[in-house]
Structure formats: structure tokens, C-alpha cells
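# Per-entry structural report
The residues making up each chain are set out below.
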Amino acid sequence: MPQHQVLIVGGGLAGMRAAQKAQELGMDVAMISKIFPTRSHSAAAQGGVQAAVSEDDSWESHAYDTVKGSDYLGDQDAIEILCSEAPDDIYSLERMGVVFNRTEEGKIDARAFGGTSVKRTCYVADQTGQVLLHVMWEQLIKSGLKVYSEWFVMDLIVEDNKVAGCVAMEIPTGKIEVFRSKSLILATGGIGQVYSPTTNGLVVTADGQALAYKAGATLMDMEMVQHHPTTMQANGVLITEGARGEGAYLLNSKGERFMEKYAPNMKELASRDVVSRAETMEIREGRGVDGCVFLDLRHLGRDLIMTKLSQIYELSRDYANTNILEAPVPIQPGHHYIMGGIKTDVDGRTWDVSGQNRWQGVEGLFAAGECANVSVHGGNRLGGNSLLDTIVFGRRSGQGSTDYAKSTDWVNIDENSVIRGAEDKIKEIFARPSGGLRTANLRSEMGSAMNDGIAVFRNEEGMKKTLESVRSVRDRFPKISLDNKGKIFNTDLLSVLELEFMLDVAEVIGIGAIERKESRGAHAREDYPDRNDEEYLKHTVVNLDENGEPKLNYIPVTMTQWEPQVRTY
Ligand SMILES: Cc1cc2nc3c(=O)[nH]c(=O)nc-3n(C[C@H](O)[C@H](O)[C@H](O)COP(=O)(O)OP(=O)(O)OC[C@H]3O[C@@H](n4cnc5c(N)ncnc54)[C@H](O)[C@@H]3O)c2cc1C
């Protein structure tokens, strides 16, 4: 059985950054990814990465904007680390070869993004994620990192609440293998496909969140799901916030710049939750067209659009049949990101080393990137802070997992029985009589239900209905059957395994959302329209109990220097 001191599940930015760090520290590291690493969703990030690199900016200002953006649900100690360590991480990315856009004087340029008091988002045209990921990949190839590409992790192996490795299937052959490790970092990305539509890629299916949850770790603030203000109606594809950052306007059907009404100072550049709500109000009150409002870039001119937003030009042409040089493009809020995730400390540990048992976790299990919740985004993430989260906390989890691996012994694994368990699971799915339910139908039933009830605005009735639909899909899950029972590249089979992950996570989102009886950040309730700091300035945490049922609890938010204030933009 393959054995590595540090094993990283996920080949996106968080996984790559963690691998880099652990390798630099002399560890035997390997990375497992269900797709070729540079195809990870990180490559789709367009707009940029935040860091206070300019002389007239400060990390404290970045931290304050992030705390305010989070609607005071972010842990302030973690936010201080994120923002104070950001500039050095940007410089080290630059030294690796990331060609950030420059100012006339040759310094790293920054564009405006929502919810930030100054221009702070460093960028590479509208392809920032792609460039970061490829540069990091080159560095990892150079260093000879061991990569298991196109291996699908099916389960974690945990003995006495200590991680021992994982079991995975080689997608091109169907072979099942056990991977042993001292520490294991989950860097599996978001939950996109739990919602339909979403801006996220087809492979973004909540695997890591579900694996950690089943293994005994804690999921935190999962109700905090972000809808991005500018997505395309045809397929949910994103138009970067960088478009508004460069000066694009939002217009309603009457041609009015409606954000002046909702956020008089920041207008289009208020934070995402605020803009998505404003758009939804305009559409509900009859000032939309066919469920959309408009993004107008015409006044930016051809030069700017073609140099800094050329991908947006192409996406609008291909998916909305619109030439943005000549006409506004229809857009609507759509699912984009999850602030919630696997609860970790600032070194990526899923377990609580304070000795106070504030939350439940698994020793040796780490998480980083979108699947984790440190928590720096709280109730609402600022654009550009997610790439930063993957870089800073990816690196820190590389360090944390190394420290842990050095301090611990290998855990014994009964390899044969683990492999048999995974093989039996697949045999059972293949053995179901043909003509049963289709995965694709159940997936879209879940996705639409989530988008109906737990989106930009929420209320008790809608959320309960969504949760019921999710549970009804789960009840029917065992009736799914497959036509393809082959071993080679059986993506039908993967789709079933992914749906199982997503159903667990969808349920936790629903439970947390119903119980948070206030409005905060992305969680905007029509039945509880105000933020309620007295009762709900706390994190929602969910674990599986002894009977395998979700159990909800709360833990305090860490405050350092910023008291909650009324949030206006
Ligand atoms: C369209 C779009 C644009 C965005 N733009 C920006 C932006 O401009 N700025 C910003 O800050 N943020 C942006 N974001 C958010 C940001 O890109 C993501 O949050 C971040 O890149 C996630 O990185 P990650 O490393 O956590 O996960 P990913 O990049 O999603 O990588 C996940 C990895 O896990 C692997 N994996 C998952 N499950 C398994 C399994 N079961 N077995 C094996 N491997 C598995 C996958 O193969 C993949 O390699 C954007 C997101 C989207 C969708």
C-alpha cells in the first residue's frame, strides 16, 4: 500500500500550496486528485486575490473590511493572520513566476472589488486563478512531487479518532487502493453542484466536507452560502466582480443605476450579499427582464475591455449572445461559494488542541481552502479573499501537518478489510436491478430545491420544504441504478458516490439555516430581517451523533479588536 507522511487530497490552489510547504520542510508528501490538478476549479477564478501591497494601504484596513464583510461572524484572530500574512504570500507567488498586472511605475497593480475601502485586488487580467495554479504546478513538477492524478477518494480511514489514511479508486482502471499517511489534508474545494445552477465546475461536489463529517469532524456555518451578483442565466457561468471593479454599472429595466438606492456610497461595489439582495428586490418589484437585470460595460471602452476583461467579452458573446462593447448583458444572482466548511484552527487542524473540547474533530486530519472554515469569511466572503484563503491557510496547513506528522507514529490499518469494504459498496450499487432511478434526475431535483429555498432570501417555510425535498431524494438514493457497470472511467459510478456526499452536506446546510433565526451576511431571512447579535453572534456547528444523525450546536466567535456595528455600504 502506498504510504506517505503527509497526504493531500485535492490538487487545487489550497492543495498545491500545502504540498509545496510540506515538501519544503522535508516531508514525504503526495497529492491525490480526482481530476488532473490544473483542471481544478481554482483555474476558473477570474478576478483576483486580495492583499494590502500598496503603500497607502494596510493589513489592518484589509482586516477591518473582511470583518465587516463577514457581518461580524468571521473569527478575528484568523482574519488578522489572513490579512497580515497576505503581502508576503503575494511576493512569494510573484517570485515563483506569477505575472501580476503592473502599474505604470512597475508596481503590482490592484483593482477595486466589492466591500473594500481601497483598490486591493491583485490580478492577472481576468485569468488570475489559471495563472496561479499553473505557476504553482510548474514548481511542484520541478520539485518532483508524487501525484496520484485521477484517483477518487471514497473514504477516510480513522482508528481511535486518529486519521490513518484513505481509500481511493483509480478512475481509469477501477482499482481500489489504501493510502496510508500520518497526517491527511483535505483540500477538496466547494459544494457547487449541491445547487443548480452554480458558477462552479461539475467536479465541485462537497466530497471533502462529507468525508470529514462522516469521519467525526465538525461542519461549521454551512448555512452561509454565497450567491454572486453577476452570473449568466443560460448556465450560471460567472462574470467576474472585476467587471464592476473596473467600473461597470448595474441597470434595471428602466435603465436606472439602482444600486445608488441600496448602497449610496459603494453602489455596485457594495459587498456581494448586499448587491445580490438589491438585484433580487428589483426583479421582484418588476424592474427586471425575464428574471435578470443588466451589467453595462459599454462606457469602459474597447481597450480596457479587451485587455483586462477579454474573457468576459467572450463569455457574454458565447452564452448570452451579447456584444458587451455595444449592449448591456443580462445577469442574475447565482450560487457561487460556501463560507461554511470543515471547522479548523488557524493551522488547519480539524481537532481542538486547546484541551477545552470546544468542538469535535479527528486527530491528524487537516483541511484547507474552500472545503475548510477557519473562519475568515464568516457570513459573507469578500471577492478575492478566497484565493488568498487557499494560499495563506494552504501554506499554514502544510506546516501544521508536517509538525503533526513529525510528532506521531503510524497508525495500523487492516488493509484488506478496508479494500473489501469499498469493493462491496461498489458491488452493491452495480447489483441493483436496471431500470431504476437516474442519478442526474435526483441531482437536479436536489439542486433546484436548494436554489428555491436556501438562496438569496430565505424563510422558514421555504427552507423546510427544501430540507424535505433533500431528504426525499436521500430516501430514494438506494433506488438509483446504473447501466454502465464497467471498471474503466466509470463516471456514472462517480456521480452516484458524489451525490451521496452532496446529500449529507445539503442536509447540514438546511438544518443550520433553519435554526439561525436572524439575518446575517448571506443568510437573509424574510421572517427574521434583522441581525440579532444577542442570540446569534455565534457559529453553527454540526456533527454526526452516535446514531448517525446530525447534531447541532453553537460555539463563540473570536473577537479581537472590532466590535459589531451596523453594516452599511
Ligand atoms: C467561476 C469562479 C470564479 C472565482 N473567482 C474568484 C476570484 O476571482 N477570486 C477569489 O478569491 N476567489 C474566486 N473564486 C473562488 C475560488 O476560486 C475557490 O474558492 C478556490 O479556488 C478553491 O480552491 P480549493 O483549492 O479549495 O479547491 P479546488 O480548486 O476546487 O480544488 C479541489 C480539488 O480537490 C480534488 N477533489 C475533490 N474531491 C475529491 C475526491 N473525492 N478525491 C480526490 N480528489 C478530490 C479535485 O480534483 C480538485 O483538485 C471563484 C470561484 C469560481 C467558481
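Residues numbered from 1 in each chain as written. Predicted model: local features only at pLDDT ≥ 70, side-chain atom pairs only at ≥ 80, totals over all residues. Heavy atoms only, no water.

### Section: the pairing of strand 9 (residues 176-186)
Quick reminder of the rule: Burial classes follow relative accessibility: with a 1.4 Å probe on protein chains only, a residue under 20% of its type's maximum area counts as buried, one over 50% as exposed, and anything between as partly exposed. Starting at the N terminus, helices and strands are each numbered in turn, a helix being any DSSP run of H or I of at least four residues and a strand any DSSP run of E of at least two. Between any two strands, pairing holds if DSSP finds at least two bridges.
With eleven of eleven residues buried, strand 9 lies mostly within the body of the structure. Bridge count between strand 1 (residues 3-9) and strand 9: six bridges; the pairing is parallel. What sits directly across from valine 6, in strand 9, is serine 183. Here strand 8 (residues 162-170) pairs with strand 9 via five bridges, running antiparallel. Opposite methionine 169, over in strand 9, you have isoleucine 176 as the bridge partner. Where strand 8 hands over to strand 9, the hairpin turn is made up of five residues, of which glycine 174 adopts a positive phi near 85°.

### Quick notes on the site of the ligand
Applied cut-off: When at least one non-hydrogen atom of a residue lies within 4 Å of a molecule or strand, that residue is treated as near it. In the analysis that follows, any N or O atom pair within 3.5 Å is treated as a polar contact, provided that within protein one partner can donate a hydrogen and the other can accept it, and provided that, for residues neighboring in sequence, both atoms belong to side chains. Every accessible area reported is derived by Shrake-Rupley at a probe size of 1.4 Å, with residue values counting cover from the shown protein chains alone. Following the grouping adopted for this structure description, the nonpolar residues are Ala, Val, Leu, Ile, Met, Phe, Trp, Tyr, Cys and Pro, the charged ones are Asp, Glu, Lys and Arg, and the polar ones are all others, Gly among them.
Near the ligand, the surroundings consist of 38 residues, among which Ser40, His41, Ser42, Glu370 and Ser386 are the closest. Here an oxygen atom of the ligand sits 2.8 Å away from a polar atom, N or O, in the side chain of serine 33. Serine 40 places a side-chain nitrogen or oxygen 2.7 Å from an oxygen atom of the ligand. A total of 1,000 Å² of accessible area belongs to the ligand in isolation, and the protein chains cover 98% of it. Tallying contributions element by element places helix 11 (residues 385-407) first for the shell around the ligand, with four residues. When its residues are assigned to classes, the shell around the ligand shows 14 nonpolar, 20 polar and four charged.

### Comments concerning the domain arrangement of the chain
Put simply, the rule reads: Domain start and stop points were drawn from an automatic or database domain assignment. Residue contacts follow a heavy-atom distance rule, with two residues in contact if any of their heavy atoms lie within 4.5 Å. Buried area: the sum, over both parts, of the accessible surface (1.4 Å probe) that disappears when the two are put together. Note on definitions: salt bridges are taken to be side-chain nitrogens of Lys or Arg within 4 Å of carboxyl oxygens of Asp or Glu.
Segmentation of the chain into domains returns domain 1 (229-332) and domain 2 (417-533). Residue-level contacts link six residues of domain 1 with six residues of domain 2. Here domain 1 and domain 2 share an interface that buries about 470 Å² over both sides, 65% of which is from carbon and sulfur atoms. It is Asp273, Arg277 and Arg284 in domain 1 that bury the most area against domain 2; as a group they hold 72% of the surface buried on that side. The tally of links between domain 1 and domain 2 comes to one salt bridge. With a shortest N-O distance of 2.8 Å, glutamate 526 and arginine 284 are connected by a salt bridge. Across the contact surface, domain 1 and domain 2 share two residue pairs in polar contact (both at pLDDT 80 or more). Looking at side-chain class alone, the side of domain 1 that touches domain 2 contains one nonpolar, two polar and three charged residues.

### Quick word on the packing of helix 12 (residues 415-431) against helix 15 (residues 491-515)
Keep this limit in mind: Between N-to-C directions, angles cover 0 to 180 degrees, with each direction set by a line fitted to C-alpha atoms, over the stretch in contact for helices. Roughly parallel means an angle under 35 degrees; roughly antiparallel means over 145; roughly perpendicular covers 65 to 115; every other angle is labelled oblique.
With their axes 11 Å apart at the nearest point, helix 12 and helix 15 run at an angle of 110° to one another. When the axes of helix 12 and helix 15 are compared, the pair comes out roughly perpendicular. In this structure, helix 12 uses Lys425, Ile426, Ile429 and Phe430 to contact helix 15, whose residues at the interface are Leu493, Val496, Leu497 and Glu500. Residue classes in the contact of helix 12 with helix 15 are distributed as six nonpolar, no polar and two charged.

### Describing the environment of methionine 559
Assignment of secondary structure puts methionine 559 in the segment after strand 21 (550-556). Once the C-alpha coordinates of methionine 559 and glycine 74 are considered, the two residues, 485 residues apart in sequence, prove to be 8.6 Å apart. In this structure, methionine 559 is in contact with Tyr72, Gln76, Leu537 and Pro564, ignoring residues within four places of it in sequence.

### Quick look at the sheet that holds strand 10 (residues 219-220)
Read across the sheet, five strands follow the order 17-15-10-20-21 without closing on themselves; strand pairing throughout is mixed. Each of the sheet's edge strands pairs with one partner strand only, and the pair in question is strand 17 (372-373) and strand 21. Pairing between strand 20 (residues 538-544) and strand 21: seven bridges, direction antiparallel. Residue pairing for strand 21: valine 541 is matched across the bridge by asparagine 553.

### Section: the packing of aromatic side chains
To be explicit about the condition: Pairs were defined over the aromatic rings of Phe, Tyr and Trp, the Trp ring being its six-membered one, requiring ring centres within 6.5 Å. Orientation was assigned from the angle between planes: stacked under 30 degrees, edge-to-face over 60, tilted for the rest.
Going through the model one piece at a time under the given rule, you end up with ten aromatic pairs. Summarising the aromatic geometry, the rings of tryptophan 151 and phenylalanine 179 are spaced 5.2 Å apart at their centres and angled 85° between planes, so their arrangement reads as edge-to-face. Here the residue tryptophan 151 occupies a position in strand 7 (residues 151-159), and phenylalanine 179 occupies one in strand 9, the gap between them amounting to 28 residues. Neither residue differs from the other here; tryptophan 151 and phenylalanine 179 are each classed as buried. Measuring from centroid to centroid gives 5.3 Å for tryptophan 351 and phenylalanine 366, while their planes differ by 90°, and the two rings are edge-to-face. Here phenylalanine 366 lies in strand 16 (residues 365-367) and tryptophan 351 lies in the loop between strand 15 (341-343) and strand 16, a separation of 15 residues in the sequence.

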